[in-house]
Amino acid sequence: MTAAPWSPQSWKEHPAAQQPVWPDDDALEQVQKTLSTLPPLVFAGEARRLTRALADVSGGRAFLLQAGDCAESFADFSADSIRDKLKVILQMAVVLTYGAGVPVVKVGRIAGQFAKPRTSATEMVGDMELETFRGHMVNDDAPDAASRVPDPDRLIAAYHQSASTLNLLRAFTKGGFADLSQVHLWNQQFVASSDEGRRYEQIAGEIDRALHFMSACGIDLISEESLHQVDFFTSHEALILGYEESLTRQDSITGEFYDCSAHMVWVGERTRQRDGAHLEFLSGIRNPIGCKLGPTASADDVLALCERLNPERIPGRLTLITRMGAGAVADALPPLLAAVRDAGHPVVWACDPMHGNTFASDGGRKTRRFDDILAELRGFFIAHQQAGTWPGGVHVELTGDDVTECLGGFGDILEDQLHLRYTTTCDPRLNARQAIDLSFRVAELLRG
Ligand code: TRP
Ligand code: MN
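Residues numbered from 1 in each chain as written. Chains lettered and ligands numbered in written order. Predicted model: local features only at pLDDT ≥ 70, side-chain atom pairs only at ≥ 80, totals over all residues. Heavy atoms only, no water.

**A word on the site of ligand 1**
Stage number 1. In the neighbourhood of ligand 1, the contacting residues comprise Leu-90, Ala-93, Val-94, Lys-106, Ala-178, Leu-180, Trp-186, Ser-226, Leu-227, Gln-229 and Val-230.
Stage number 2. Contact between ligand 1 and Lys-106: an oxygen atom at 2.8 Å from a side-chain N or O atom of the residue.
Stage number 3. One nitrogen or oxygen atom from the main chain of Ala-178 is found 2.7 Å from a nitrogen atom belonging to ligand 1.
Stage number 4. Its free accessible area being 350 Å², ligand 1 has 83% of it covered by the protein chains.
Stage number 5. The element best represented in the shell around ligand 1 is helix α3 (residues 79-100), accounting for 3 residues.
Stage number 6. Of the residues in the shell around ligand 1, the class split is 8 nonpolar, 2 polar and 1 charged. (Near = heavy atom within 4 Å. Polar contact = N/O pair within 3.5 Å; in protein donor to acceptor, adjacent residues only side chain to side chain. Areas by Shrake-Rupley, 256 points an atom, 1.4 Å probe, with all protein chains shown as cover. Helix = DSSP H or I, 4+ residues; strand = E, 2+ residues; numbered from the N terminus. Nonpolar A, V, L, I, M, F, W, Y, C, P; charged D, E, K, R; others polar.)

**Some details on the side chain of Asn-357**
Stage number 1. Locating Asn-357 in the fold gives a position in the loop between β11 (348-351) and β12 (358-360).
Stage number 2. For Asn-357, a relative accessible area of 7% puts it in the buried group.
Stage number 3. A distance of 2.8 Å separates a polar side-chain atom of Asn-357 from the backbone oxygen of Pro-353.
Stage number 4. Ignoring sequence-local partners within four residues, the contact set of Asn-357 consists of Gly-325, Ala-326, Thr-367, Arg-368, Arg-369, Asp-372, Ile-373 and Glu-376. (Buried < 20%, exposed > 50% of the residue type's maximum accessible area, 1.4 Å probe, protein only. Contact = heavy atoms within 4.5 Å.)

**Regarding the coordination of the manganese ion (ligand 2)**
Stage number 1. Those protein atoms acting as donors to the manganese ion (ligand 2) are Cys-70 (SG), His-355 (NE2), Glu-397 (OE) and Asp-427 (OD), and they sit at 2.2 to 2.5 Å.
Stage number 2. Counting residues between consecutive donors of the manganese ion (ligand 2) along the chain gives the motif C-x284-H-x41-E-x29-D. Within this pair, whereas Cys-70 is found in the loop between β1 (63-68) and α3, its partner His-355 is found in the loop between β11 and β12, the two being separated by 285 residues in sequence. (Donors = N, O, S within 2.8 Å, 3.2 Å for Na, K, Ca; no water.)

**Some details on the pairing of strand β14 (residues 393-397)**
Stage number 1. Within β14, 5 of the 5 residues are buried, which leaves the element mostly enclosed by the surrounding structure.
Stage number 2. Burial of the side chains of β14 extends over both faces: Gly-393, His-395 and Glu-397 are buried on one face and Val-394 and Val-396 on the other.
Stage number 3. Pairing between β1 and β14: 5 bridges, direction parallel. Note that in β14 the partner of Ala-67 across the bridge is Val-396. (Pairing = 2+ DSSP bridges.)

**Considering the sheet that holds strand β10 (residues 318-322)**
Within a sheet, neighbouring strands are paired by backbone hydrogen bonds and run either parallel or antiparallel to one another.
Stage number 1. Ordered by their spatial adjacency, 8 strands build a closed barrel running β1-β2-β5-β8-β9-β10-β11-β14, and the pairing between neighbours is parallel. Each strand of the sheet is rotated relative to its neighbour by a mean of 25°, with strand direction disregarded.
Stage number 2. As paired elements, strand β8 (residues 264-267) and strand β9 (residues 289-293) share 3 bridges and run parallel to each other. The residue of β9 that forms the bridge with Trp-266 is Gly-290.
Stage number 3. Its contacts with the sheet place helix α10 (residues 329-343) against β9, β10 and β11, and it is angled at close to 165° to β11. (Axes fitted to C-alpha atoms, helices over the stretch in contact; angles between N-to-C directions.)

**Considerations on helix α4 (residues 153-174)**
Stage number 1. Helix length check: α4 (22 residues) gives 32 Å between terminal C-alpha atoms against 32 Å at 1.5 Å per residue, within 8%.
Stage number 2. Among all positions in α4, only Arg-154, Leu-155, Ile-156, Ala-158, Tyr-159, Gln-161, Ser-162, Thr-165, Leu-166, Leu-169, Phe-172 and Thr-173 are buried.
Stage number 3. Those residues of α4 that are buried lie in contact with α1 (25-37), α3, β5 (232-237) and α7 (241-246).
Stage number 4. Taken from the residues just after α4, Gly-176 is the one with a positive phi, measuring 120°. (Expected span 1.5 Å × (residues − 1).)

**Description of unusual backbone geometry**
Stage number 1. With phi around 65°, Gln-18 is a residue other than glycine that occupies positive phi space.
Stage number 2. By secondary structure assignment, the location of Gln-18 is in the segment before α1.
Stage number 3. The backbone of Arg-313 sits at a positive phi, close to 55°, despite the residue not being glycine.
Stage number 4. By secondary structure assignment, the location of Arg-313 is in the loop between α9 (299-309) and β10.

In structure tokens form, the structure reads like this:
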């Protein structure tokens, strides 16, 4: 515990893991100054609205769907790719809402997910030792020494890409694209012709009929706003603390601080040290926040985290995102659920079935098996059922594109097919078909 009061800079008094070594401190300072004068990307009132929605999740009255890229890319930045990612997330939300009958809180890993923690500071490419790629907010992924030098101007570029992404998302989600009458149009051609696409079409048809039925009954659907738009929130890992600090603003209404880079931010498994800089930073902002938990997290760690990040026990404030791995979830999760339940902390429990199930394929590409992802999800639901706690949500990495990065699924992608369309700059993502398939499985687990 530190005696010094919290401020947006107080993280600097704590050891900060995973920070790039910027070559020029003055240049970094200049960039942070610029960032701190730019408009906030989100507003405090929106973050409070998400906290309230997540409070419903923590109380077992709603389900969290958090999804998007592992790492957004400066190279893949187009209206089409944002739209296609949103389409898949909306489709998943429809399947979950309709299939499980619970409200779904929609949060993208998007409009700011540009920084990656790495296991080692350098990597070998051929016989060259290069600084590792840390996300486009920091350096470039091209395999040469110059590209890997951290460049603070990238923080500004990340801000602007986030702003335009968010602008488009707001237009899509509030301007008619997410209207329930469009439910068929989100099914992309390459998905529609597949088994999971046809299964989706069936739900879409049922929703259509239900809407027509209500309309025929005399209900005025046009004035029913909730049918025509969705609340869609943004989130990313709060990794590069200088960036987050510069976007932290004091709310004029409440006087509290909000990190206005996204509605929700989370801290990773590698940066959640008890007295570390990341927890210090998160402890003082009032956004809803998340914390990843891997299989080595102890019940003590988790209770300390809850006390540190949510001492006032505000429902919806803290989401614990477990990423245990299919093999470990049955042993590692129950003690944490019991400890948090018995301490009475009102958390959201979400399952990240991706990061504990990553391995290198024979060809050396990072991949994940769809079956392992499902197995971890099943383990998550079973553990919650046994603990009497609410399996509050899922956190997945996906893309709207027809990539071949994860193995299996209905399309049954095989190891020797990974190279066909492997475009991620970091971890392997579910493609649109795998993501929709997954949402059907989760809806079944929720119903059961
Ligand atoms: N607004 C409601 C919701 O977000 C219903 C809704 C409208 C919806 N468009 C949607 C649900 C798209 C899922 C996907 O739940
Ligand atoms: Mn990832």
